[in-house]
Amino acid sequence: MDLTPRSPDAVAAALARASRDGLTVDPRGGGTKSRRGLPGSAGTVLSTAGLTRVVDHAPGDMTLTVEAGLPVAEVAALTARDGQWWPQAEERPGATVGGVLAAAASARGRLRHGPVRDSLLEVVLATGDGRLVKGGGRTVKGVAGYDLPRLVCGSLGTLGVIVQVTLKLWPRPAESGWYCAEATAAEAAALAARVMAETYRPASVVLTPQALWVALEGAAADVAPPAGMAASEAPPGLAGAGIVECGVPPARLADLVAGLAADGRDYEAWAGVGTCLVAVATAGDVAAVRERALALDGHAQVVDGPPGLRADPFGPPPPGLAIMRRLKRAFDPAGVMSPGRFVGDVQEVAA
Amino acid sequence: MSTTLPAPAALAAGFRAILGPDRVLDGAVERDLYSRDGLVTDGDCALVLLPETAAEVSGCLREAARLGLAVVPRGSGTGLTGAAVPLEGGVVVSLARMRRIGEVDVANGCVWVEPGVLNLDVSAAVAHLGLHYAPDPSSQAACSIGGNVGTNAGGPHCLAAGVTVQHVLGMEIVLPDGEVLVLGGPAPDPPGYDLRGVVVGAEGTVGVVTRVCLRLSPLPPAVRTVLLDFATTAEAGSTVGGIIAAGVVPAAIEMMDTGMIVAVEAFTHAGLPTDAAAVVLVEVDGSPAQVEAQMAVVERVAREQGVRQVRVARDEAERALLWKARKSAFGAVARIRPNSYLHDCVVPRTRLVEVLHEIQRIGREHDLLIVNVFHAGDGNLHPLIAYDRRDPEEVARVLAAGDAIVELCLSVGGVLSGEHGIGIEKRDAMALAFSPTDLAAQACVRAAFDPAGRMNPGKVLPAGSRCGEAALAGREVHVPDGAWI
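Every value quoted in this text rests on a predicted model; they were computed, and no experiment measured them.

Draft legend 1. Broad picture of the overall build of chain B. Check the secondary structure of chain B and you find 17 helices and 19 strands. Referenced to the eigenvectors of the C-alpha coordinate spread, the extents of chain B come out at roughly 65 × 55 × 45 Å. Surface accessibility of chain B: about 17100 Å² in total, with carbon and sulfur atoms responsible for 54%. Chain B carries 39 positive and 56 negative side-chain charges, and their two centres are separated by 2 Å.

Draft legend 2. Structural detail: the overall build of chain A. Along the backbone of chain A there are 10 helices and 17 strands. Intrachain contacts of chain A at a sequence separation of at least 6 include 71% that bridge at least 24 residues. Accessible surface, chain A: about 12400 Å² in total, of which carbon and sulfur atoms supply 52%. Of the side-chain charges in chain A, 33 are positive and 35 negative, and the distance between the mean point of each set is 6 Å.

Draft legend 3. Summary view of the domain arrangement of chain B. Residues and elements named next belong to chain B. Under the domain assignment, chain B is made up of domain 1 (2-94), domain 2 (110-218), domain 3 (221-334) and domain 4 (337-453). The distance between the C-alpha centroids of domain 2 and domain 4 comes to 24 Å. With both sides pooled, the region where domain 2 packs onto domain 4 buries about 1100 Å², and carbon together with sulfur makes up 63% of that total. In terms of surface lost to domain 4, no three residues of domain 2 exceed Leu159, Glu203 and Thr205, which account for 37% of the buried area on that side. For the interface between domain 2 and domain 4, the tally reads 0 salt bridges.

Draft legend 4. Structural detail: the nonpolar core. With 141 residues, the main nonpolar core has A:Trp86, A:Leu101, A:Phe331, B:Leu228 and B:Leu381 as its most contacted residues. At 8 residues, helix H16 (residues 436-449) of chain B tops the list of elements feeding residues into this core. Those residues within four positions of A:Trp86 in sequence are excluded, and the remaining contacts are A:Val72, A:Val75, A:Val97, A:Val100, A:Leu101, A:Val116, A:Ser119, A:Leu167, A:Lys168 and A:Leu169. A:Val223, A:Cys246, A:Leu253 and A:Val289 belong to the second-largest nonpolar core, a separate cluster that totals 35 residues.

Draft legend 5. Region of interest: the sheet that holds strand E2 (residues 47-49) of chain B. Residue and element names in this part refer to chain B. The 4 strands lie next to each other as E1-E2-E4-E3, forming an open sheet whose pairing is mixed. Two strands lie at the open edges of the sheet, namely strand E1 (24-25) and strand E3 (71-74), each paired on one side alone. By the bridge criterion, 2 bridges tie E1 to E2 in an arrangement that is antiparallel. Within E2, the residue paired with Leu25 across the bridge is Val48. Running over the sheet, helix H1 (residues 8-19) touches E1, E2 and strand E4 (91-94) and is turned about 10° from E2.

Draft legend 6. A look at the pattern of salt bridges. One pass over the structure, following the stated rule, counts 53 salt bridges over all chains. The partner of A:Arg117 in a salt bridge is B:Asp189, with the nearest N and O atoms 3.9 Å apart. Taken together, the residues A:Arg117 in the loop between helix H4 (110-113) and strand E6 (120-127) and B:Asp189 in the loop between strand E8 (180-184) and helix H7 (195-199) connect one chain to another. Residue classification places B:Asp189 among the buried positions, given a relative accessible area of 18%. Put simply, B:Asp194 and B:Arg196 hold a salt bridge, and the shortest N to O gap is 2.9 Å.

Draft legend 7. Quick look at the state of the cysteines. Residue and element names in this part refer to chain B. Within this structure, the stated rule accounts for 2 disulfides over all chains. Each sulfur of the disulfide joining Cys345 and Cys409 lies 2.1 Å from the other. Of this pair, Cys345 sits in strand E16 (residues 345-346) while Cys409 is found in helix H14 (residues 392-411), placing the two residues 64 residues apart along the sequence. The exposure class of Cys345 is buried, given its relative accessible area of 3%. Classification of Cys409 by relative accessible area gives buried; the value is 0%.

Draft legend 8. Local environment of the domain arrangement of chain A. Residues and elements named next belong to chain A. Here the domain parsing of chain A yields domain 1 (8-171) and domain 2 (175-309). Between domain 1 and domain 2, the contact holds 12 residues from the first and 27 residues from the second. Together domain 1 and domain 2 conceal approximately 1600 Å² of surface at their shared face, both sides included; 47% is due to carbon and sulfur atoms. Three residues stand out in domain 1 for area buried against domain 2, namely Arg108, Leu111 and Arg112, and they jointly supply 54% of the buried area on that side. If you look at where domain 1 meets domain 2, you find 3 salt bridges. Summed over the shared surface of domain 1 and domain 2, the number is 10 residue pairs in polar contact (both at pLDDT 80 or more). Residues belonging to the side of domain 1 that touches domain 2 are distributed by class as follows: 4 nonpolar, 3 polar and 5 charged.

Draft legend 9. Main features of the sheet that holds strand E16 (residues 275-280) of chain A. All names here are of chain A. Here 8 strands make up an open sheet; going across it, the order is E13-E10-E12-E11-E15-E16-E14-E17 and the pairing antiparallel. Each of the sheet's edge strands pairs with one partner strand only, and the pair in question is strand E13 (230-232) and strand E17 (299-304). If you compare each strand with its neighbour and ignore which way they point, the axes differ by 25° on average. Bridging between strand E15 (residues 267-270) and E16 involves 4 bridges; their strand directions are antiparallel.

Draft legend 10. View of the interface of chain A and chain B. Taken residue by residue, the interface counts 80 residues in chain A and 90 residues in chain B. Carbon and sulfur atoms make up 64% of the surface buried where chain A meets chain B, a total of about 6900 Å² over both sides. Sorting the residues of chain A by area buried against chain B places A:Lys141, A:Val143 and A:Tyr146 first, and these three jointly supply 14% of that buried surface. Where chain A meets chain B, there are 5 salt bridges. For the pair chain A and chain B, the number of links is 20 residue pairs in polar contact (both at pLDDT 80 or more). By residue number, the principal contributor to the side of chain A that touches chain B is helix H9 (residues 321-331) of chain A, which donates 10 residues. Of the residues contributing to the side of chain A that touches chain B, the split by class is 39 nonpolar, 20 polar and 21 charged.

Draft legend 11. Structural context of helix H2 (residues 72-80) of chain A. All names here are of chain A. When we look at burial in H2, the residues that qualify are Val72, Val75, Leu78 and Thr79. The buried residues of H2 occupy an angular sector of 120° when the element is viewed end-on, so they sit on one face. Looking at the buried positions of H2, the neighbouring elements they touch are strand E3 (54-58), strand E4 (63-67), strand E5 (84-85) and helix H3 (97-102).

Draft legend 12. Examining helix H13 (residues 352-365) of chain B more closely. Residue and element names in this part refer to chain B. With 14 residues, H13 extends 20 Å between its outermost C-alpha atoms, agreeing within 8% with the 20 Å of an ideal straight helix rising 1.5 Å per residue. Restricting attention to buried positions, one finds in H13 the residues Leu352, Val355, Leu356, Ile359, Ile362 and Gly363. Relative to the axis of H13, the buried residues are bounded by an arc of 115° and lie together on one face. Facing away from the buried side of H13 by over 90 degrees, the exposed positions are Arg364 and Glu365. Elements in contact with the buried residues of H13: helix H8 (233-245), strand E12 (252-257), strand E17 (369-375), strand E18 (380-381), strand E19 (383-387) and H14. Asp367, located one to two residues past H13, shows a positive phi value of around 55°.

Draft legend 13. Quick look at unusual backbone geometry. A positive phi angle, close to 55°, is found at B:Asn152, a residue other than glycine. Classification of B:Asn152 by relative accessible area gives buried; the value is 6%.

Draft legend 14. Expanded view of the packing of H13(B) against H14(B). All names here are of chain B. Packing of H13 against H14 leaves a shortest axis separation of 10 Å and a crossing angle of 160°. As summarised for this structure, H13 and H14 are arranged roughly antiparallel, according to the angle between their axes. With respect to the hand of their crossing, H13 and H14 are arranged in right-handed fashion. Within the contact between the two elements, H13 uses Val355, Glu358, Ile359 and Ile362 and H14 uses Ala401, Ala404, Ile405 and Leu408. Among the residues forming the contact of H13 with H14, the class breakdown is 7 nonpolar, no polar and 1 charged.

Draft legend 15. Region of the structure containing the pairing of strand E10 (residues 175-182) of chain A. All names here are of chain A. Alignment of E10 against strand E12 (residues 211-218), held across 8 bridges, turns out to be antiparallel. Looking at E12, one finds that Trp178 is bridged to Ala215. Where E10 lies against E13, 3 bridges are found, and the strand directions are antiparallel. Looking at the pairing, Cys180 lines up with Ala230 of E13.

Reading guide: rules and limits
Sequence positions are assigned chain by chain, starting from 1 and proceeding in written order. Chain A is the first chain written and ligand 1 is the first ligand written, with later ones labelled in order. Residue-level local features of this predicted model are given only where pLDDT is at least 70; pairs of side-chain atoms are given and counted only at 80 or more, and the full residue set underlies all totals for whole chains, interfaces and linings. As a rule here, side-chain values come from all non-hydrogen atoms in the structure, and water together with hydrogens is ignored. Under the scheme used here, helices are H or I runs from DSSP no shorter than 4 residues and strands are E runs no shorter than 2 residues, and both carry numbers assigned from the N terminus. Areas reported as accessible are Shrake-Rupley estimates using a 1.4 Å probe. Residue values count occlusion only from the protein chains shown. Charged-residue counts in this description rest on Lys and Arg as positive and Asp and Glu as negative, His and the chain ends being excluded. For this purpose, a charge sits on NZ of Lys, CZ of Arg, CG of Asp or CD of Glu. Note on definitions: a residue-residue contact is assigned when non-hydrogen atoms from the two residues lie within 4.5 Å. Delimitation of the domains relies on an automatic or database domain assignment. In short, buried area is how much 1.4 Å probe accessible area vanishes from two parts on joining, totalled over both. Counted as salt bridges are all cases of a side-chain nitrogen of Lys or Arg within 4 Å of a carboxyl oxygen of Asp or Glu. For the purposes of this section, nonpolar cores are sets of buried Ala, Val, Leu, Ile, Met, Phe, Trp, Tyr and Cys residues that join through side-chain atoms within 4.5 Å. When a residue's accessible area, from a 1.4 Å probe over protein chains only, is under 20% of the maximum for its type it is buried; when over 50% it is exposed; and in between it is partly exposed. Strand pairing is assigned whenever DSSP identifies at least 2 bridges connecting the two strands. Axis definition: a line fit to C-alpha positions, over the contact stretch in the case of helices; interaxial angles, taken between N-to-C directions, run 0 to 180 degrees. Only a pair of cysteine sulfur atoms within 2.5 Å qualifies as a disulfide here. Whenever a nitrogen or oxygen atom comes within 3.5 Å of another N or O atom, the pair is scored as a polar contact, on the condition that within protein one atom can donate a hydrogen and the other can accept it, and that pairs from neighbouring residues in sequence are kept only if both atoms are in side chains. We call Asp, Glu, Lys and Arg charged. Ala, Val, Leu, Ile, Met, Phe, Trp, Tyr, Cys and Pro are nonpolar, and the rest, Gly among them, are polar. The arc under discussion is defined with respect to the helix axis, by the directions toward the C-beta atoms. What a helix should span is 1.5 Å times the count of its residues minus one. Our angle categories are set so that under 35 degrees counts as roughly parallel, over 145 as roughly antiparallel, 65 to 115 as roughly perpendicular, and the remainder as oblique. Crossing handedness is defined as follows: a turn of the near helix away from the far one that is anticlockwise and smaller than a right angle gives a left-handed crossing, while the clockwise case is right-handed.

Printed below as a string of structure tokens:
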């Protein structure tokens, strides 16, 4: 049985029923992030496809309030009319606003624009037990009360279903462009360091095994090829049976990339940010990549892949697990929301 | 309420065993001094604790837990909402002695600092590396990083750069039971819920932060600052909106109304036009080309709106003078009346002008002088009421006017606070902005960190906001094999 509620109230009602009946629920936006977490844990799919209203668009205030099932591409089209955009959001075909926020999927321009968490001003969450809870506020600035938007962002549907959000918009840059230079892993790291030192706030500096890619934005005079680079398309997306996302301190990224290159892996590394996506094919690959990330004070999670790659998708549990469990219990007392999405060390659970 | 507690001297023994005799203050004068912050309300302080390490903080929190005492963390005490005021006879944990700045991690663009470090000292410590710490509250020479984290502090340059939470990569926090956790750090997106993001802005109700990892930003290669002088508030407001509509988000856009201009000019002699209805201070930064392009837009929009004078700061000295005028606004008002009550709320930027007029009406209705200096770019208003605290009748009018301002901001779609926080001041107003269900959810967030409710009680949430019993005391949820949550 799948559900496609047509309103926030209907989502809350569906979750209240699920909690009462003990039915597990797997919220789904565009489905672009659904191959993650422990395999075999999916319950009833609750689609946000029926939640696509634009509630309030205020270009002069640079805010946009929409229901969570609206595709990110529609936000892009809507905001472009006023020369604005939502630069922090990863834009995959089919991705929805709620899905991007639930997965905390930040765009490649994170180096300049920050993580997608920073763009969420207000959230309405249908909790696992069917309450509609609002947190944050609709203005571009505000500190009233506990920061539910940040808590919900990246919670992967484990606390409830994001049904409506207010986003902070920004003016589109006058000019933007990608530049590329073919380079070995070592050459790319050296070139990246030079570009980072010589360019004020580039949008992206991306390392792949055969090239360095740089995105620039701003006034026309600032959007020109860095020395040794030529205008290009954006880098192609990483392809693989599965994808591991590593996060390491930015200063350790060059070490991580050197190790991955030595192992012959395909990757996309975001200089200055510390995020590195790695293509994997086997559970052994996952373990090997994670070992490298952990050794560099980082972490590694399987963010996409078939069940065979997701036996241990998250690695060691983070500090504060007891607090996280209390939060989970408060928002989803019956434990019906996306069970298994946040997974880790069995022993921790026993403890 | 303190009458039900043992005498402070008897409470102090356990804390003295941890901190030594000199860093536990139980004298009446000290307890009185630490029972207030920048709000008018005083509290009731049982003891003042002055730890110097996270281990000492942890020991103090364990001892407080053993005694069942409330714990109130305190930075510099510059907060304006009463968040650092001890209610219920709690112990005040002052972090003022924890002021070490760690080695600057240039490669990761961050630095770990202790909570007692003053905001301005961070930027001073890293300027030689071409870096700065972006959030810049007007009190930045006095306020502490720990307090900034507690309130999610802002400042003029948060328009483009973002508020404190966007510049805190991680922290070390001592939970109410004494456990020490490190949340976040330089590596992006650690697994699990974003607890770091919850701690920022929680006003000391979830634990005591003992170390903070601050993101450092490169100093912009070019900066230009301009003062725009307008004959009407409407023209000034339209200029602010016009700049944003033209696709420019400057580093800062600040506005002062005529009452504030007069007060500030008398104090700083910065050459402000005292006959203007409003001045707008705009700063743009970035690459030289970007600064050039943005300043052209700012000037064009201002002229279209009938600006009387465009004063571009010719050098760093003039720029510093203009900013000094802006940031000393609250001190300047002290020359008019002995006390001032500074408000903080946010309205949609497009409603600024009408809200300013309404605030003047509220001032007239309550027979009060209200002057305004504020972060116009993000609609963050700071109406300031000048008054005399010794006149109880006037104090009553000040509080009534404050309530009217809060209701006004909410009625146009605004929020309760842009950067000062809730504390005691706006605790009860939270019920105007949030439903009981919303507040219960917030109470759950707090209780997840502090199930016993001893961290800074009586702040942020109105009385009666409770995390449902079923939620936290409820049955254990089945966790699938291999799952954390």
